[in-house]
Amino acid sequence: MKVDYLIVGQGIAGTVLSYMLIRQGYQVMVLDSGSTYTSSQVAAGIFNPVTGKRLVKTWEADKIFPFLEAFYTGMEKVLGAKLFYPMPIYRPYKTIEEQNSWTAKTSSPDLVPYTDTQVNNSAYSKFIHNPYGGMLIKHSGYIDIPVMLQAHQKYLIDQKSYLQKVFTYTDVEVLDGQVVWQGIQAKKILFCEGTYNTKNPYFHWLPFEQVKGELLIVHIPGIQLDHIINRGIFILPLQDDLYKVGATYEWDNLTWETTKEAEQELTDKLKELIKVPFTIIDHQAGIRPASADRRPFIGLHPEYPVFGIFNGLGTKGVSLAPYLAHLFMEHLNKNKELDKEVHINRYFSLYYKSK
Ligand SMILES: Cc1cc2nc3c(=O)[nH]c(=O)nc-3n(C[C@H](O)[C@H](O)[C@H](O)COP(=O)(O)OP(=O)(O)OC[C@H]3O[C@@H](n4cnc5c(N)ncnc54)[C@H](O)[C@@H]3O)c2cc1C
């Protein structure tokens, strides 16, 4: 079998990249181990252009957010699955100082398109502690990741472009500028392995700084929330009075198991935020493939350009993947320069040191 690209991994990264390549007419084969221990299986799927306590606009938001909306709505049509849920994020102020400083910040030209301080706070007061009011973030929402992964896998299977298999590095042969793996000949292999990159002999030198995250699925009857709420934690509405509540950040205990400590942390924060009772239905944990400098890892191997990587999406896979997959495609197929902030050549010195 001959393809243009063999893609290893079908999380958010491999899904978005393979979908784009196929839509551009390239022959693709996607391989995934089928493991349930992946970051994408746990992700809440939120996209949010203004984050953090200091209310900072996401890197390249003016390019990334219009791009993601067009991408996911187009993907919905092609895959015939509902995945794009645009909705504002309500951020209640914690203190009067926060109210003052955030209100001032939202009037900066940078944040005006993404924020709104004209909010009907009393609509939230019935179930949320918001004595100082709050503000809205616009151009936000969430992607139903499990639905996206499943619908795309079906699309790949229908085109005979999917194999559920673990990629074994020892079976790789490089011949005349092409690469062969278990009978599949490809122009390039693109690795989208998330946290499993640590085992990859071609790219293990990249400085990942993985971050564990846990979230709860809770039942909150009767509040009929149709916005995301964010203050220290997020509350994301699902269906049938169910909500995702998260997430924690843990740099040391990098296992896929849920912990009592995270459950306690999330429960305490939720009790501080809402006025109504809730019941925990489920608890999930995952590890985010984050990088030391908080920028993704994209590009071709310094010595063996038949291998490429699309990884390091960290906490923002949903918003970063579409725009950056597009840049990577332009780099691969049209030789366009990659943005230097995401290009792995910023770490080539680590590769040469590791040899
Ligand atoms: C609790 C939590 C909440 C989060 N919430 C959000 C959120 O709201 N919004 C957001 O944007 N991001 C969120 N994230 C981050 C998001 O999950 C990641 O950015 C994203 O999922 C990374 O996707 P990925 O495809 O790079 O990696 P992964 O999802 O880990 O996918 C890698 C895939 O590669 C496969 N694979 C690896 N090695 C091999 C191999 N050798 N052979 C075959 N297959 C292989 C794996 O099986 C897997 O399917 C959250 C993460 C966590 C943990």
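Note that this is a predicted model, so its numbers are computed, not measured.

Criteria and cut-off values
- Residues numbered from 1 in each chain as written.
- Predicted model: local features only at pLDDT ≥ 70, side-chain atom pairs only at ≥ 80, totals over all residues.
- Heavy atoms only, no water.
- Buried < 20%, exposed > 50% of the residue type's maximum accessible area, 1.4 Å probe, protein only.
- Helix = DSSP H or I, 4+ residues; strand = E, 2+ residues; numbered from the N terminus.
- Pairing = 2+ DSSP bridges.
- Contact = heavy atoms within 4.5 Å.
- Axes fitted to C-alpha atoms, helices over the stretch in contact; angles between N-to-C directions.
- Core = buried A, V, L, I, M, F, W, Y, C linked by side-chain atoms within 4.5 Å.
- Domains from an automatic or database assignment.
- Expected span 1.5 Å × (residues − 1).
- Bend = angle between axes of the 7 residues up to and from the residue.
- Buried area = accessible area lost by both parts, 1.4 Å probe.
- Salt bridge = Lys/Arg side-chain N within 4 Å of Asp/Glu carboxyl O.
- Polar contact = N/O pair within 3.5 Å; in protein donor to acceptor, adjacent residues only side chain to side chain.
- Nonpolar A, V, L, I, M, F, W, Y, C, P; charged D, E, K, R; others polar.

Enquirer: Help me get a handle on the pairing of strand β7 (residues 89–92), residues and values and all.
Expert: Here β7 shows a buried face lined by Ile 89 and Arg 91 and a second buried face lined by Tyr 90 and Pro 92. Examined bridge by bridge, β7 and strand β9 (residues 134–137) share 4 bridges and lie antiparallel to one another. Opposite Pro 92, over in β9, you have Gly 134 as the bridge partner. Relative to strand β16 (residues 228–231), β7 runs parallel, the two sharing 2 bridges. Across the sheet, Tyr 90 pairs through a bridge with Ile 229, a residue of β16.

Enquirer: Mind laying out the sheet that holds strand β6 (residues 84–86), listing which residues take part and the relevant values?
Expert: Ordered in space as β3-β10-β6, the 3 strands form an open sheet in which the pairing is antiparallel. Edge strands, defined here as strands with exactly one partner in the open sheet, are β3 (46–47) and β6. Bridge analysis of β6 against strand β10 (residues 141–143) gives 3 bridges, and the strand direction is antiparallel. Among the inter-strand pairings, Pro 86 is bridged to a residue of β10, identified as Gly 141. Strands β3, β6 and β10 of the sheet are contacted by helix α3 (residues 61–79), whose axis makes an angle of about 135 degrees with β6.

Enquirer: Any chance you could break down the environment of Gly 14 for me, citing the residues and the numbers?
Expert: Along the polypeptide, Gly 14 turns up in helix α1 (residues 12–23). The spacing of Gly 14 and Asp 32 is 18 residues in sequence and 9.1 Å in space, taken between C-alpha atoms.

Enquirer: Help me get a handle on the nonpolar core, residues and values and all.
Expert: General note: in soluble globular proteins, nonpolar side chains tend to be found buried as a group. Ranked by internal contacts, the top residues of the largest apolar core, which has 70 residues, are Ile 7, Leu 17, Tyr 72, Ile 143, Met 148, Phe 310 and Leu 324. Among the elements that make up this core, the one with the highest residue count is helix α8 (residues 317–334) (10 residues). Residue contributions to this core reach at least three from each of two domains, namely domain 1 (2–42 + 146–208 + 292–354) and domain 2 (87–140 + 209–288). In contact with Tyr 72, not counting residues within four places along its chain, are Val 16, Leu 83, Phe 84, Ile 143, Met 148, Val 318 and Pro 322. Counting 26 residues, the second-largest nonpolar core is a separate cluster that includes Leu 31, Val 179, Tyr 202 and Ile 344.

Enquirer: If you had to explain α8 to someone new, which residues and values would you point to?
Expert: The terminal C-alpha atoms of α8, which comprises 18 residues, lie 24 Å apart, in line with the 26 Å expected from a rise of 1.5 Å per residue. If you look at α8, its biggest bend is around 25 degrees, right at Tyr 323. In the stretch just after α8, Asn 335 is the one whose phi turns positive, near 60 degrees.

Enquirer: Can you break down the domain arrangement of the protein chain residue by residue, with the values?
Expert: The domain boundaries assigned to the protein chain delineate domain 1 (2–42 + 146–208 + 292–354) and domain 2 (87–140 + 209–288). Placing a centre on the C-alpha atoms of domain 1 and another on those of domain 2 gives a separation of 32 Å. Residue-level contacts link 13 residues of domain 1 with 12 residues of domain 2. Between domain 1 and domain 2 the total buried area reaches about 1,100 Å² when both faces are included, carbon and sulfur atoms providing 59% of it. If you sort the residues of domain 1 by the area they bury against domain 2, Tyr 37, Val 42 and Thr 195 come out on top, with a joint share of 47%. Between domain 1 and domain 2 we count 1 salt bridge in total. For Arg 294, the salt bridge identified is with Glu 209, shortest N-O distance 3.9 Å. Linking domain 1 with domain 2 are 2 residue pairs in polar contact (both at pLDDT 80 or more). When its residues are assigned to classes, the side of domain 1 that touches domain 2 shows 6 nonpolar, 6 polar and 1 charged.

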